[in-house]
Structures are given as structure tokens and as C-alpha cells.
Amino acid sequence: MKLPEIRQKIDALDEQLLKLLNERADLVHEVGVVKRADGTEIYAPEREEMVLRALTEKNIQLKGRLPEKSIRAIYREIMSASLALEKDLTIAYFGPEATNTHQAARSKFGASVHYTPKVSIADVFDVVARGNADYGVVPIENSTEGAVNHTLDVFMDSELRICAQILMKIENHLVAKIPREKIKRIYSHPQVFGQCRNWLRQNLPYVELVEVSSTPRAAELAAGDEDAAAITGQMAAEYHGLRVLEPSIQDIASNTTRFLVIGRTASPPTGDDRTSLMFCVQDKPGALFHALEPFNRLKISMSKIESRPSKRKAWEYFFFVDIDGHASEEVVQQALAALAQHCTFVKILGTYPKTLPT
């Protein structure tokens, strides 16, 4: 076929797609009517993930040309527009704008909902708890630097639940308005410097490293400093008109940050879920060993364990654990009941669908 004929076919397909998208929007509107009448949550992360999994599997069966990442990205925006039709959702995130948390929130909820940045993780929890935001997005751990302790600490006193997770590969770029050889100082967040430690030592060992509160702030400072560069993400670089001098300078290519979506209700099971919980063991020898033993006996995989001081009693610690399975499953309930026998406190933080990195 010649180019005009190919374009004509594309235009015809676009018209069909537009018609189908509007038909889908009409059905979504009906879903919203039913949900409001029933008093159920508009956002259903378990349904969202099940739909995305089904679509990617169908695409494989059809031997489609589009990769899974593209299928998910396309339908993320379709679902975002659908959410906006059902309700004017507000998503709070640990900001400012253009941070990795902002980018993670956008990757989960799309461009059609309203976003509000908050200056602290505690503020994100607070606005969601008060009903001034529908959901919040906060970082919980990085594959290179480990846990975000402040998020763990806030969970101790919060009644909010984890209803979804976001796994996002983090790319840290060296950006500036000046050539690399003219750089005298680099601005970035302390954790980002940690993620790029080896690259900086090998390539810019004598450049001053200036720690700032966030990577967008680093980009802002570099944009106004004729001797400086920043290490930041693509979104912040574009926002402040900076050029990427060296892309993806993080020491570990698979560097991934895990974010949590927090809300007021738990997610129903999907068949491939994770449960997060916190507990405090009794003060006696072997208490932690006996508390964890049921997970081994019942063959429940544990993917994470962190400890934090309780801040209520000297030398008392809370443990944060992630396990496979949904809290409603019988085997998980058996493990939790056995766990409670060795603890002074057990709290389920949330149970939610497993997801792949975006």
C-alpha cells in the first residue's frame, strides 16, 4: 500500500476506536451510578490489576505487536479517564511536583485525576484520613537504599490501609545547562547520591556534592546556577529546562523504588496478592523465632521484614513484614492467629494485588 492509503486506514481505525471508547465511557458512567448507590469505593485496585493482566494475556494470545508495557500505559490513561468520569478523584503524594513519588502516582492513576503534593509523608496520611484526598502515594523502600523509615513510623498510629503498590524503576540523570567539564557542584537528594555513588566517584570525583530536600529542588537550583548540575529524573529536568548530560547514572540498573497507595478500605483478593502487617513480640527469649515459625510451617513466603523502635517503650520494637497471600485466605488467617499467640500487638496494614515494575 502507498502512504496515503495506509493513513486512510489508520484514520478509519481511529474513528472506530473513538466510538468504542465513548461506548466504554457510557458503561463506566453506569458503573459509577451503581457504586454510588451501593456506597462502594470508586477506585478498585483489584479490578484494575485483573483487567490489566487479562489484557496483556490476550495480547500475547493475539500475538500483538504492542509490548506489555505499552498495553498497560495505554489502558492506564483509559482507566484514568474512566475514574474521572465516576468521581473527581484527588490523589495526595509526597511532593513537590516532579518527584519520583509524583511520577509513580501518575503511572498508577494517569493524567485525568487531580494531584496534590504534600510536604511530608505524615501530611499525606493526614489528608487521606480526613477525607480531603481519596488516596495517597508514599515511598516505602528502595532496592538499593532500603526502607523509608518515616513511612513505617507513620503506619504505627494510622488506621489507613495499603490498597495497592507501585514498583517503579528509578533512573537518575545528570542534567545541566552547561557542559559536563564546567560542572563545579551537583545538587541532589542524599538518597540519590547514595544510588549513584560509584558513578560519581569514577567520573566526577572532585565535584562538590550538595544535598537538598528533593530532586525537583536540585533541578531548580541547577537551572539558576551557572556552575552547577543536578541528578534528577526526566520529569524534573524537562520542567526546569535542563539537558540530560549523562542518562541513567545509578549504580544498579535495576534500581527500583516501591511505593504504596494508601486509602481507607482494603482490596478484595485477586488470586495473586500480598499482605503487609506489623507486630510487636513478647519480651522473652525466642519470641521472634516462634512468631515467624507459622509462616514457614504453612509454607507462606515472606518477602520483607524490617524493625523500628516503637518510641513508646525503651528497647521495644515493631516488626514490619510482607507475606504472600490475601488476609482473607484460610492459610493466611491460620498463620496470623498463630503469630498473635507470641505477640503483644498485631496489625494488618493492608492486603493488595502484586504488580510488576512500571
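Whatever comes next refers back to the structure up there.
Quick caveat: nothing in here was measured; it's all calculated off a predicted structure.

Participant: Explain the pairing of strand β14 (residues 317-324) residue by residue, including any values.
Facilitator: The element β14 is extensively covered by neighbouring structure, given that six of its eight residues are classed as buried. The pairing of strand β12 (residues 273-281) with β14 spans six bridges and is classified as antiparallel. Each residue of the ladder has a partner; that of L277, found in β14, is V321. Taken together, the seven bridges between strand β13 (residues 302-309) and β14 define a ladder with antiparallel strand orientation. Bridging across to β14, I305 finds its partner in V321.

Participant: Explain the environment of S248 to me, using residue names and the numbers behind them.
Facilitator: By the element assignment, S248 lies in the loop between β10 (243-246) and β11 (256-263). The exposure class assigned to S248 is partly exposed, which follows from its relative accessible area of 31%. With 52 residues separating them in the primary sequence, S248 and C196 have C-alpha atoms 9.2 Å apart. Filtering out sequence-adjacent residues up to four positions away, S248 remains in contact with E171, N172 and H173.

Participant: Talk me through the packing of helix α1 (residues 3-38) against helix α3 (residues 68-86); I want residue IDs and the actual numbers.
Facilitator: It is the contact of α1 with α3, at a shortest axis distance of 9 Å, that shows an interaxial angle of 45°. By the criterion of interaxial angle, the relationship of α1 to α3 is oblique. Viewed along their axes, α1 and α3 form a crossing whose handedness is right-handed. Residues L21, R24, A25, V28, V31, G32, K35 and R36 of α1 form the contact with α3, whose own contacting residues are I78, S82, L85 and E86.

Cut-offs and rules
- Residues numbered from 1 in each chain as written.
- Predicted model: local features only at pLDDT ≥ 70, side-chain atom pairs only at ≥ 80, totals over all residues.
- Heavy atoms only, no water.
- Buried < 20%, exposed > 50% of the residue type's maximum accessible area, 1.4 Å probe, protein only.
- Helix = DSSP H or I, 4+ residues; strand = E, 2+ residues; numbered from the N terminus.
- Pairing = 2+ DSSP bridges.
- Contact = heavy atoms within 4.5 Å.
- Axes fitted to C-alpha atoms, helices over the stretch in contact; angles between N-to-C directions.
- Parallel < 35°, antiparallel > 145°, perpendicular 65-115°, else oblique.
- Left-handed = near helix turned anticlockwise from the far one by under 90°.

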